[in-house]
Amino acid sequence: MLARISRRLAGLLATLLAASFVIFAAVYAAPGDPAVFLAGGRDKLSPEKLELVRAQYHLDEPLVVQYGRWLGDCVQLDLGRSFKYSDQVADLLATRFPTTLTLVAYATVLFVVLGVGAGVLAAVRRGTWIDSTVVGGTTLAAFVPSFVSAIALVAVFGVQLGWFPVTGRGEGFTGTVHHLTLPALSLALGALALISRVTRQSMVDAGAADHVEVARASGIREREIVLRHVLRNALGPIVTMCGLVMAGMLAGTVVVETAFGISGIGSLLVGAINTHDFPVAQAVLLLMVTGYIAVTTLVDLVHPLLDPRVKEASA
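Residues numbered from 1 in each chain as written. Predicted model: local features only at pLDDT ≥ 70, side-chain atom pairs only at ≥ 80, totals over all residues. Heavy atoms only, no water.

**As for the overall build of the protein chain**
Right, on to step 1. Secondary structure summary: the protein chain contains 13 helices and zero strands in total.
Right, on to step 2. Secondary structure elements of the protein chain occur, N-terminal to C-terminal, as α-α-α-α-α-α-α-α-α-α-α-α-α.
Right, on to step 3. For the protein chain, buried positions account for 39% of its 315 residues.
Right, on to step 4. A sequence separation of at least 24 residues applies to 71% of the contacts in the protein chain between residues at least 6 apart.
Right, on to step 5. Element-wise, carbon and sulfur atoms account for 66% of the exposed surface of the protein chain, whose accessible area totals about 17000 Å². (Helix = DSSP H or I, 4+ residues; strand = E, 2+ residues; numbered from the N terminus. Buried < 20%, exposed > 50% of the residue type's maximum accessible area, 1.4 Å probe, protein only. Contact = heavy atoms within 4.5 Å. Areas by Shrake-Rupley, 256 points an atom, 1.4 Å probe, with all protein chains shown as cover.)

**Some points on a nonpolar patch on the surface**
Right, on to step 1. Judged by side-chain polarity, Leu140, Val144, Phe147, Val148, Ile151 and Val255 come together as a nonpolar surface patch covering roughly 510 Å² of accessible area.
Right, on to step 2. With three residues, the top contributor of residues to the nonpolar patch is helix α7 (residues 146–160).
Right, on to step 3. A relative accessible area of 56% means that Ile151 is categorised as exposed. (Patch = residues over 30% accessible without salt bridge, like charges linked within 9 Å, V, L, I, M, F, W, Y side chains within 5 Å. Salt bridge = Lys/Arg side-chain N within 4 Å of Asp/Glu carboxyl O.)

**Looking at the packing of helix α10 (residues 222–260) against helix α11 (residues 265–274)**
Right, on to step 1. Between α10 and α11, the shortest axis-to-axis distance is 7 Å and the interhelical angle comes to 80°. Taken as axis vectors, α10 and α11 run roughly perpendicular relative to one another. Contacts between α10 and α11 involve Leu250, Thr253, Val254, Glu257 and Thr258 from the first element and Ile265, Gly266, Ser267, Leu269 and Val270 from the second.
Right, on to step 2. Here the contact of α10 with α11 is composed, by residue class, of five nonpolar, four polar and one charged. (Axes fitted to C-alpha atoms, helices over the stretch in contact; angles between N-to-C directions. Parallel < 35°, antiparallel > 145°, perpendicular 65-115°, else oblique. Nonpolar A, V, L, I, M, F, W, Y, C, P; charged D, E, K, R; others polar.)

**Here we look at α10**
One turn of an α-helix holds 3.6 residues; hence residues three or four places apart share an orientation.
Right, on to step 1. Here α10 is 39 residues long, yet its end C-alpha atoms lie only 44 Å apart, well below the 57 Å a rise of 1.5 Å per residue gives.
Right, on to step 2. Helix geometry: α10 is bent most strongly at Leu250, by close to 45°.
Right, on to step 3. Looking one or two places after α10, you find Gly261, whose phi comes out positive at around 65°. (Expected span 1.5 Å × (residues − 1). Bend = angle between axes of the 7 residues up to and from the residue.)

**A word on the side chain of Thr100**
Right, on to step 1. Turning to its location among the elements, Thr100 is positioned in helix α5 (residues 89–124).
Right, on to step 2. A polar contact is formed between the side chain of Thr100 and the side chain of Glu257, at a distance of 2.7 Å.
Right, on to step 3. Setting aside residues up to four positions removed in sequence, Thr100 forms contacts with Leu250, Thr253, Glu257, Gly264, Ile265 and Gly266. (Polar contact = N/O pair within 3.5 Å; in protein donor to acceptor, adjacent residues only side chain to side chain.)

**What to know about the environment of Arg81**
Right, on to step 1. For Arg81, the position within the fold is in the loop between α4 (63–75) and α5.
Right, on to step 2. Residue Arg81 is classed as partly exposed on the basis of its relative accessible area, which comes to 45%.
Right, on to step 3. The residues touching Arg81, leaving out its near neighbours within four places in the chain, are Ser86, Asp87, Gln88, Val89 and Pro279.

**Notes on the nonpolar core**
Right, on to step 1. Of all hydrophobic cores here, the largest spans 60 residues; its most connected members are Leu93, Phe111, Met203, Met249, Phe260, Val280 and Val284.
Right, on to step 2. Discounting residues that sit within four places of it in the chain, Phe111 has contacts with Val116, Ala188, Ala191, Leu192, Ile195, Cys242, Val245, Met246 and Met249. (Core = buried A, V, L, I, M, F, W, Y, C linked by side-chain atoms within 4.5 Å.)

See the structure below:
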């Protein structure tokens, strides 16, 4: 187990290093000159002054040198200073990340509870109208983009019915839940559809095992068979998919936070790209990639504990 963890951590570091270079190079190659933005516009300074600005911020150095300098600062938790806000990028992330983390956590609770519940219900009622309704509804929901669902939720529940606010985060636990319900539901809708279908298929596969038929023949109650024999053996793929979906939700907050006017790292990334605030864009993208890699690595380590067959196959 220790060797497995060591290999996974080494793979995590290697993947994170490669991803950090791709992020830095992509932002470096983006259209626009950050020196122009720092100088306040090309019309205000001469080319000589712009060269001085580039030299001051090390923008005149080769790509590899700039990347090495940036990576060394990131290791020391120094993410640089924002071009737009003139604040430390780490402080901006510390201010906005709790909002995004709360939104992702709320959406995760929604898609896990509703998605797994719908999948179990469809598998137990397989072949009935309930199964057809769940499959049809989730198939439709899977093809609806998050920005479309956000607009629809705002129009129906925010504007027409007035049940939920459509902007901001809210104050306190109750206010936060009230304000983030529509954004979380919009973020979780596609994930809910995916998780329900994975749960249904995993339950169907687990229910076809020989020991399940033996348990039924022994007279064990169907409820106990579903919980102890079917659902328990189906948890591996379900937990794995839930972890992967949750890890990818950080990127999904870009659209949702912009649509609902939430001050999180998703909307911060959009603003940084629009204003050529390269340090902020690089830091947010690195944070999203780090979160995704860390969660997927953790899921990969937990999966054998849930499904002994995976552990035996690895051995």
